[in-house]
Amino acid sequence: MTPKLKPLEEQVMVITGASSGIGLATARRAVASGVRVVLTARNEEALANVTESLTADGGQAVAVPADVADRAAMQRVADTAAQRFGGFDSWVNNAGVSIYGRLDEVDEADSRRMFDTNFWGMVHGSLIARRHLLSRGGALINIGSVASDQALPLQGMYSATKHAVKGFTDALRMEIEEEGAPISVTLIKPAGINTPFPQHARNYMDAEPKLPPPVYPAEEVANAILHAATHPVRDIYVGGGGKVMSALGRRVPRVMDWLAEQTMIGQQRRDEPPRDPAGSLHQPGRDGRVEGDHPGYVMRTSAYTRAALNPMVVGTLGVAGLAAYAWLRNGGSRESIPRPRQAGRRRR
């Protein structure tokens, strides 16, 4: 069964990790599109400020402070959506945090806390959303990462959580499709995104962390999330750089290992001492901002992702690719380029 998803202006959307970064960018974009939103995060003050700003602009939003690692708290989020708006149509599992440090240096308690947030928080949200959407249909959208496909040195345990997110999401999708439930399950895999992500991370390094390039704006992920809320799609990569990394990791894994070893250690370290090594792993951080302070260049958009979300563009690129393949295969002569037939012209 192909799920029938509502247009955005008719939807109620639950967003976890909504007080900063991707979650906040998504909430703003969703409300601007007419979506009623239920927002949750640990930082009660920041969440209240975000909700106040959204409703002041005419949007409909409700805040439910909660820790995604607490299953009962996440059920309260779903119950609030039912009480205020009659239910929800899309659920976005976005909450997440990272750890920067070599695997032999990272404390086990920190690693377990990160799994509680990144993995178990996503599991709680997914299973609660599944039960609710079984009768009414809708979209479950999980935020993975390019690290769901390609492990990152210095973020090894974070990569492990995102591999787990992918495994769970793929298995849940198959089970939902097998039983014919009207639920779309999408995994979104962003590359580096300019949010406060590095500052929120637990940092074991002797330097302030940063994102490896290329880095993209959070609005590109928000666009992908809203697309998944209205179009049943399996996976979305945000950022052509992430797509290339994943493709290289599948096709030539040892080459990708070598490239990561040679470049990514230095690319994740700033030339300055750590500011807040504890980050927001165990307690709420400084929230309320979408953008981070990435010291390098931030792409304005992701041409790859925008093309992938536009079937017309993808179709055009596909035809062009086939034409180029045929041209190369036939020695590059002009006569080998396929030409479209003209309307009204008959072959003899």
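So, a few notes on the structure that sits alongside this text. None of these values were measured; they are calculated from a predicted model.

Rules of the game
- Per chain, the residues get numbers from 1 upward, laid out in the order the sequence is written.
- It should be noted that, the model being predicted, local features are given only for residues of pLDDT at least 70 and side-chain atom pairs only at 80 or more, the latter also being counted only at that level, while totals for whole chains, interfaces and linings use all residues.
- The side-chain figures draw on all heavy atoms in the structure; neither hydrogens nor water molecules are used.
- Secondary structure elements follow DSSP: runs of H or I of four or more residues count as helices, runs of E of two or more count as strands, with numbering from the N terminus.
- Working definition: with a 1.4 Å probe on protein chains only, accessible area under 20% of the residue-type maximum means buried, over 50% means exposed, and in between means partly exposed.
- Whether two residues are in contact is decided by their heavy atoms: any pair within 4.5 Å suffices.
- Each accessible area is a Shrake-Rupley result for a 1.4 Å probe, and residues are judged covered by the shown protein chains and nothing else.
- Among buried residues, those of type Ala, Val, Leu, Ile, Met, Phe, Trp, Tyr and Cys that are joined through side-chain atoms within 4.5 Å constitute a nonpolar core.
- Within this document, salt bridges are pairs made up of a side-chain nitrogen of Lys or Arg and a carboxyl oxygen of Asp or Glu, the two lying within 4 Å of each other.
- By the convention used here, strands pair only if DSSP detects at least 2 bridges between them.

## Here's the deal with the overall build of the protein
No. 1: Each helix and strand in the protein was counted, giving 11 helices and 11 strands.
No. 2: Counting over 348 residues, the protein shows a buried share of 50%.
No. 3: Taking as baseline every contact in the protein between residues at least 6 positions apart, the subset at least 24 positions apart corresponds to 76%.
No. 4: As presented, the protein carries roughly 16900 Å² of accessible surface, and 53% of it is formed by carbon and sulfur atoms.

## Observations regarding the nonpolar core
No. 1: Core analysis: the biggest nonpolar cluster contains 39 residues, and Val37, Leu39, Ile141 and Ile188 have the highest contact counts within it.
No. 2: Mapped onto this core, the elements with two or more residues apiece are β1 (12-16), α1 (21-32), β2 (36-40), α2 (44-56), β6 (138-143), α7 (218-230) and β11 (235-238).
No. 3: If near-sequence neighbours (up to four positions away) are discounted, Val37 is found in contact with Met13, Ile15, Ala30, Val31, Leu54, Gln60, Ala61, Val62 and Phe85.
No. 4: Counting 31 residues, the second-largest nonpolar core is a separate cluster that includes Phe85, Phe119, Ala129 and Leu187.

## Description of the pattern of salt bridges
No. 1: Across all of its chains, the model carries 19 salt bridges by this definition.
No. 2: Between Arg136 and Asp89 there is a salt bridge, and its shortest N-O distance comes to 2.9 Å. In this pair, Arg136 is assigned in helix α4 (residues 108-136) and Asp89 in the loop between α3 (71-85) and β4 (90-93), connecting sequence segments 47 residues apart.
No. 3: Residue Asp170 pairs with Arg173 through a salt bridge whose shortest N-O separation is 2.9 Å. Of this pair, Asp170 and Arg173 both sit in helix α5 (residues 156-178), separated by three residues, roughly a single helical turn.
No. 4: Among the residues examined, Asp170 registers a relative accessible area of 10% and is labelled buried.

## Quick notes on the environment of Glu44
No. 1: Along the chain, the position of Glu44 falls in helix α2.
No. 2: For the pair formed by Glu44 and Asp287, sequence separation is 243 residues and the distance between their alpha carbons is 9.9 Å.

## Focus: the pairing of β4
No. 1: By the alternation rule, side chains of β4 split into Ser90 and Val92 and Trp91 and Asn93, which are all buried.
No. 2: In this sheet, β4 lies alongside β1 in parallel orientation, the contact comprising three bridges. Pairing of Val14 across the sheet is with Trp91, part of β4.
No. 3: Relative to β6, β4 runs parallel, the two sharing four bridges. Its bridge partner lying in β6, Ser90 is registered against Ala139.

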